[in-house]
Amino acid sequence: MSDKDDKDWSRYKLATRAVRAGYNRSDEGEHSESIQLTSSFAFDSAASAAARFSGEEPGNIYSRFTNPTVRTFEQRLAAMDGGETCVATSTGMSAILAACMGLLKGGDHVVAGHDLFGSTIALFNNILTRFGLCFSYVDSTDNAAWQAAVRPETRMLFLETPSNPLSTIADIAAVSGIAHDAGALLVVDNTFATPVLQQPLGQGADVVVYSTTKHIDGQGRTMGGAVVGSREHVGESVYGFLRSAGPSLSPFNAWVQLKGLETLAIRMKAHSAAALELAQWLEGQASVERVYYSGLPSHPQYALARKQQSGGGSVIAFEVRGGRDGAWHVIDQTRMISITANLGDTRTTITHPATTTHGRLSDEERRKIGIAENLVRVSVGLEDIEDIKADLQRGLDSLT
Ligand SMILES: *Cc1c(COP(=O)(O)O)cnc(C)c1O
């Protein structure tokens, strides 16, 4: 450990934190972060082992609890988000589970945006309700609806902004005010924007969750998740769940994602610039009926998006002529773009939400959140934008 460990990273800009925060160089003097692939840690003596286990002596015991490579990843992400601490998890879903298990108890009520990631809704409705938690859903853009859904036993408000796949924007500051007046916490799933484009803690959120599988890995290699927030909520409550229940991030995945964080700022800017150009181009296509992207001036919440995000991110959704057949045709006519549900990758991906990511919802539920049969979602990668346009143009032209 060197005296560089305790740097106050808040004095540095985000791109600097992304590259440097959190690493304790070993005595070997390695310049790139080492990977500590070890399940347990050895002690100098029985007395030292006892002191570690009792908590008298700080230090690593077992990688389900703490691991230096995972810790570096956690400290770097916390520094980027302006959070006191971070707990890394094995997937994005286990980050959401850990936040709920750490912060809620049976009998508590949660108000959530109705356009959450599909597995989040399944976790809430099919699993957590069996343990005495209760969930209500609201249109996340409607502040009066958030307020009206609050009950005396409400302990958490949960939202995703921009949402998947329609890029609707929830007002983080306004919803956090409603949460705090009710004595509840606001949890924001910031997977789509990442700390580069949006820092919810600075706008009033209490806890931020991520699927780091998406933009933070950024090249579609590893799964991971993270919960960021205060020492009390995350460092104690959420960490307490992780330590006992064990959805811990593997050190190898932490290392890959640490490298992902180093390039996150330039990637998010490039994704956002390319997605904006593609969204504007799609708006000009005769066979495209509507484009959903929060970076477009035509987006109904453009002003709010500008206020809380510094870019629109990688994901665009658009409706085409010809219903489901039209949407499938555009997807099937691509030759380069990957037909896969992952997003936030260097490779552009395309999917039909109504039959894939949102396929488990009923027709009625899909209608309520606005997922039409003719909707296509694209996560714009880092290939040349002209090649991406040409790959979509083929299918779009044949619909006119
Ligand atoms: C993918 C995703 C998740 C779930 O993350 P996994 O890493 O797949 O478990 C949660 N929220 C959002 C917004 C996502 O896109």
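What comes next concerns the included structure. (Residues numbered from 1 in each chain as written. Predicted model: local features only at pLDDT ≥ 70, side-chain atom pairs only at ≥ 80, totals over all residues. Heavy atoms only, no water.)

Regarding empty space enclosed by the protein
Summed over all chains, the structure comprises two cavities of 30 Å³ or more. Its volume calculated, the largest cavity comes out at about 40 Å³. In terms of lining residues, the largest cavity is bounded by Asp-115, Ser-163, Asn-164, Pro-165, Leu-166, Thr-168, Ile-369 and Ile-371. Counted by class, the lining of the largest cavity contains four nonpolar, three polar and one charged residues. Within this model, the second largest cavity holds a volume of roughly 30 Å³. In the lining of the second largest cavity, the residues fall into three nonpolar, four polar and no charged. (1 Å grid on protein atoms, 1.4 Å probe; cavity = no way out; pocket = protein on both sides within 12 Å on 5 of 7 lines; lining within 4 Å. Points joined across faces, edges and corners; volume = space filled by probe spheres on them. Nonpolar A, V, L, I, M, F, W, Y, C, P; charged D, E, K, R; others polar.)

Quick look at the pairing of strand 3 (residues 134-138)
The pairing of strand 2 (residues 109-113) with strand 3 spans five bridges and is parallel. In the sheet register, Val-111 faces strand 3, and the bridge partner there is Ser-136. Read as a crossover between parallel neighbours, the route from strand 2 over helix 5 (residues 118-127) to strand 3 is right-handed. (Pairing = 2+ DSSP bridges. Helix = DSSP H or I, 4+ residues; strand = E, 2+ residues; numbered from the N terminus. Right-handed = clockwise from strand over helix to strand, strands pointing away.)

Considerations on the sheet that holds strand 4 (residues 154-160)
Here seven strands make up an open sheet; going across it, the order is 1-7-6-5-4-2-3 and the pairing mixed. In this open sheet, the two strands that pair with only one neighbour each are strand 1 (85-89) and strand 3. For this sheet the average axis-to-axis angle between neighbouring strands, irrespective of direction, equals 20 degrees. The pairing of strand 4 with strand 5 (residues 185-189) spans five bridges and is classified as parallel. For Phe-158, the partnering residue across the bridge sits in strand 5 and is Val-187. The sheet contacts of helix 5 involve strand 2, strand 3 and strand 4, and relative to strand 3 the element is tilted by about 140 degrees. Helix 9 (residues 231-245) contacts strand 1, strand 5, strand 6 (207-211) and strand 7 (225-229) of the sheet and is inclined by roughly 25 degrees relative to strand 1. (Axes fitted to C-alpha atoms, helices over the stretch in contact; angles between N-to-C directions. Contact = heavy atoms within 4.5 Å.)

Observations concerning the sheet that holds strand 9 (residues 315-320)
Here five strands make up an open sheet; going across it, the order is 8-9-12-11-10 and the pairing mixed. Of all the strands in the sheet, just strand 8 (288-292) and strand 10 (338-339) have a single pairing partner and so form its edges. Packing of helix 10 (residues 251-283) onto the sheet brings it into contact with strand 8, strand 9 and strand 12 (375-379), and relative to strand 9 it is tilted by some 10 degrees.

Comments concerning helix 14 (residues 385-397)
Compared with an ideal rise of 1.5 Å per residue, which puts 13 residues at 18 Å, helix 14 spans 18 Å between its outermost C-alpha atoms and is within 8% of the ideal. Buried residues belonging to helix 14 abut helix 10, strand 8, strand 9, helix 12 (323-332) and strand 11 (349-351). (Expected span 1.5 Å × (residues − 1).)

Details of the environment of Gln-257
The topology assignment puts Gln-257 in helix 10. As for Gln-257 and Met-223, which are separated by 34 residues in sequence, their C-alpha atoms are 9.1 Å apart. Once residues within four sequence positions are removed from consideration, Gln-257 is found in contact with Phe-73, Thr-212, Thr-213, Ile-216, Asp-217, Thr-222, Met-223 and Gly-224. Looking at Gln-257, its side chain comes within polar contact range of the side chain of Thr-212, at 2.5 Å. (Polar contact = N/O pair within 3.5 Å; in protein donor to acceptor, adjacent residues only side chain to side chain.)

Side note on the packing of aromatic side chains
Going through the model one piece at a time under the given rule, you end up with five aromatic pairs. Ring centres of Phe-124 and Phe-135 lie 4.4 Å apart, and the angle between their planes is 10 degrees; this geometry places the pair in the stacked category. Here Phe-124, found in helix 5, pairs with Phe-135, found in strand 3; they are eleven residues apart in sequence, far enough to count as distant. Judged on exposure class, the residue Phe-124 and its partner Phe-135 are both buried. Seen in terms of ring centroids, Phe-124 and Phe-158 are 5.4 Å apart; in terms of plane orientation they differ by 90 degrees. Their pairing is edge-to-face. Placement of Phe-124 in helix 5 and of Phe-158 in strand 4 is noted, with a sequence separation of 34 residues between them. With respect to burial, Phe-124 and Phe-158 carry one shared label: buried. An aromatic cluster of at least three residues, connected via ring pairs, comprises Phe-124, Phe-135 and Phe-158. The ring of Phe-65 has Arg-243 lying over it, and the distance from NZ or CZ to the ring centre is 3.8 Å. (Phe/Tyr/Trp six-rings, centres within 6.5 Å; stacked < 30°, edge-to-face > 60°. Buried < 20%, exposed > 50% of the residue type's maximum accessible area, 1.4 Å probe, protein only. Lys NZ or Arg CZ within 6 Å of the ring centre and 35° of its normal.)

Digging into a nonpolar patch on the surface
A surface patch of nonpolar side chains, amounting to about 280 Å² of accessible area, comprises Ile-35, Leu-37 and Phe-252. Structurally, Leu-37 can be placed in the loop between helix 1 (14-20) and helix 2 (46-54). Residue class for Leu-37 comes out exposed when judged on its relative accessible area of 60%. (Patch = residues over 30% accessible without salt bridge, like charges linked within 9 Å, V, L, I, M, F, W, Y side chains within 5 Å. Areas by Shrake-Rupley, 256 points an atom, 1.4 Å probe, with all protein chains shown as cover. Salt bridge = Lys/Arg side-chain N within 4 Å of Asp/Glu carboxyl O.)

As for the site of the ligand
Inspection of the region around the ligand gives 14 residues, with Met-93, Asp-189, Ser-211, Thr-213 and Lys-214 positioned closest. Here Asp-189 contributes a side-chain N or O atom positioned 2.7 Å from a nitrogen atom of the ligand. Here Lys-214 contributes a side-chain N or O atom positioned 2.7 Å from an oxygen atom of the ligand. In isolation the ligand has 380 Å² of accessible area, and contact with the protein removes 93% of it. (Near = heavy atom within 4 Å.)

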